[in-house]
Amino acid sequence: MASTATLRKPASGFRISRKMLPYVLSLPALLVCIGILIPFFTAVIYSFQRYRLSQPWARQFNWGENYLNFVTDPAFWNTLKVSLLYAGITVALELLLGLGIALLLQRRSTINNFISIMLLLPLMIAPALAALMWKLMTNPSFGILSYLASLIGLNDFRWASSPDTALLTVILVDIWVYTPFIMILLLAGLRSLPTQPFEAAALDGVPRSFVFFRITLPMLTPYILTATLFRLLDSIQQFDIIYAMTQGGPGNTLTVFQVEAYLNFFQSTNVGRSAALLIILWAITYTLSNVFIKNWLRLRERARGEA
């Protein structure tokens, strides 16, 4: 009878040595990184060129002329102002609303879990489709929101078609779509906080306002920074909601970076200026993300030191 050792056969097929395994496992991430860097550096090269699709024969390097022109271009400063204003207002309002809803739903119960799931429904709709839906609801002729506005005396409210109310309208759409994102992040953070400090505060009869500002809010700060960072980077690059509702108008009321770059590329065929706008947008998002990440790391180190 053959022994067990003689019956064993060496495993067939391709085998990877232990030394090569980490490099093989990191290969997909490397390929994704390369796939991101190629268009990025292509845009950097285009941003230093005088390049129009309608005049390909005139393509040449202008060595930063596109960036220098922005200094004296009122349209660029309007784009910068509108982008920062839009991002700041939407993130601030969404953070307040998301935190308030998360606090209301903090207690685990069947009804709270059901409400939190229902509140996520706007997040499952494509932002462009949500913008088109709101565009129909705000139509002056048959929109339900226009009808409700007329009931409280706001007749002929022009919503996104007026420069005075266009920013307010798209901010409402952004809040409706993305507040659930912040809500679910902060709700997860609230439910993961340790219960001992709150139980001790309840036994001592500490006021709720003191518990919120001195216990809950400091412990929730890393989650707030994370949610703010994600939303800030997304809102400052907003395109689909704004373009679907207003195409950047009326006039230049809502020409944020992404819309301005799109119009420069597809309408003016100015590839160089469009690429330069996107590189500036990347520099802004890179700076903001570094600031938030450094603060988050500082908070984490302080928490570890106190522990």
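Residues numbered from 1 in each chain as written. Predicted model: local features only at pLDDT ≥ 70, side-chain atom pairs only at ≥ 80, totals over all residues. Heavy atoms only, no water.

Novice: Break down the overall build of the chain for me, citing the residues and quoting the values.
Specialist: The helix and strand inventory of the chain stands at 14 helices and two strands. Against the 2.2 N^0.38 benchmark of 19 Å for 307 residues, the chain shows a C-alpha radius of gyration of 26 Å, more extended than a compact globule. A buried classification covers 36% of the 307 residues belonging to the chain. In the chain, of all internal contacts separated by at least 6 residues, the share reaching a separation of at least 24 is 69%. Averaged over its 23 positive side-chain charges, the chain has a centre that lies 15 Å from the centre of its 13 negative ones. (Helix = DSSP H or I, 4+ residues; strand = E, 2+ residues; numbered from the N terminus. Rg over C-alpha atoms; globule rule 2.2 N^0.38 Å. Buried < 20%, exposed > 50% of the residue type's maximum accessible area, 1.4 Å probe, protein only. Contact = heavy atoms within 4.5 Å. Lys, Arg positive; Asp, Glu negative; His and termini not counted. Charge placed at Lys NZ, Arg CZ, Asp CG, Glu CD.)

Novice: Account for the packing of helix α5 (residues 74-104) against helix α11 (residues 208-235), with residues named and values stated.
Specialist: Where α5 meets α11, the closest approach of the two axes is 10 Å, and the angle between their N-to-C directions is 140°. On the basis of their axis angle, the class for α5 and α11 is oblique. As for the relative orientation of α5 and α11, their crossing is right-handed in sense. Only F212, L217, L220, I224, T228, R231, L232 and S235 of α11 make contact with α5, whose side of the interface consists of Y86, A87, T90, V91, E94, L95, L99 and L103. (Axes fitted to C-alpha atoms, helices over the stretch in contact; angles between N-to-C directions. Parallel < 35°, antiparallel > 145°, perpendicular 65-115°, else oblique. Left-handed = near helix turned anticlockwise from the far one by under 90°.)

Novice: Could you give me a rundown of the nonpolar core, with the residues and numbers involved?
Specialist: Core analysis: the biggest nonpolar cluster contains 25 residues, and M245 and L254 have the highest contact counts within it. Looking at this core, the elements that each hand over two or more residues are α5, α7 (127-137), α8 (144-151), α9 (166-192), α12 (240-246) and α13 (257-266). A per-element tally of this core places α9 first, with eight residues. Contact partners of M245, with chain neighbours within four places excluded, come to A131, W134, K135, T138, A160, T169, V170 and V173. Among the nonpolar cores identified, the runner-up in size contains 19 residues, and F76, L80, I236 and F292 belong to it. (Core = buried A, V, L, I, M, F, W, Y, C linked by side-chain atoms within 4.5 Å.)

Novice: Before we move on, could you go through the pattern of salt bridges and cite the residues and values that matter?
Specialist: Should their charged atoms come close, side chains of opposite charge can pair. Per the counting criterion, the structure on display carries six salt bridges. Two residues, D234 and R231, come together in a salt bridge whose shortest N-O distance is 2.9 Å. One end of the pair, D234, and the other, R231, are both in helix α11, three residues apart, so they sit about a helical turn from each other. On the basis of relative accessibility, which here comes to 33%, the residue D234 falls in the partly exposed class. (Salt bridge = Lys/Arg side-chain N within 4 Å of Asp/Glu carboxyl O.)

Novice: Any details on unusual backbone geometry? Residues and values, ideally.
Specialist: Residue W159 is not a glycine yet carries a positive backbone phi of 50°. Structurally, the position occupied by W159 is in the loop between α8 and α9. What makes W159 buried here is its relative accessible area of 10%. Phi is positive for T269, close to 55°, though the residue is something other than glycine.

Novice: Would you mind going over the packing of aromatic side chains in detail, with residue names and values included?
Specialist: The final tally for this structure, using the stated rule, is 18 aromatic pairs. Here the aromatic cluster, defined as three or more aromatic residues joined through ring pairs, consists of F239, Y243, Y262, F265 and F266. The aromatic ring of Y51 is capped on one face by R59, whose charged end is 4.2 Å from the ring centroid. For R231, the ring lying beneath its charged end belongs to Y178, and the centroid distance is 4.0 Å. (Phe/Tyr/Trp six-rings, centres within 6.5 Å; stacked < 30°, edge-to-face > 60°. Lys NZ or Arg CZ within 6 Å of the ring centre and 35° of its normal.)

Novice: Requested: an account of the confidence of the model for the chain, with residues and values cited.
Specialist: Mean pLDDT over the chain stands at 86; residues scoring 70 or higher make up 94%. Across the chain, element-level confidence peaks in α5 with a mean pLDDT of 93 and bottoms out in helix α1 (residues 4-7) with 50. (pLDDT = per-residue confidence, 0-100.)

Novice: Account for the environment of S109, with residues named and values stated.
Specialist: Among the structural elements, S109 can be located in the loop between α5 and α6 (110-119). Of the residues examined, S109 reaches a relative accessible area of 23% and is grouped as partly exposed.

Novice: So, the environment of R302: which residues are in play, and what are the values?
Specialist: As for its placement among the helices and strands, R302 is situated in helix α14 (residues 271-306). By relative accessible area, R302 is classed as partly exposed at 48%.

Novice: Could you give an account of the side chain of E260, naming the residues involved and the relevant values?
Specialist: Along the chain, E260 falls in helix α13. Those residues in contact with E260 that lie beyond four places of it in its chain are T79, T255, R273 and L277.

Novice: So what's going on with the side chain of Q238? Residues and values would help.
Specialist: Assignment of secondary structure puts Q238 in the loop between α11 and α12. Reaching out from Q238, the side chain makes a polar contact with the backbone nitrogen of D240 at a distance of 3.3 Å. Apart from residues lying up to four places away in sequence, Q238 is in contact with Y86, D174, Y178, V256 and Q258. (Polar contact = N/O pair within 3.5 Å; in protein donor to acceptor, adjacent residues only side chain to side chain.)

Novice: Outline the environment of L80, listing residues and values.
Specialist: Mapped onto the elements of the fold, L80 is located in helix α5. On a C-alpha basis, the gap between L80 and L168 in space is 18 Å, while along the polypeptide they are 88 residues apart.

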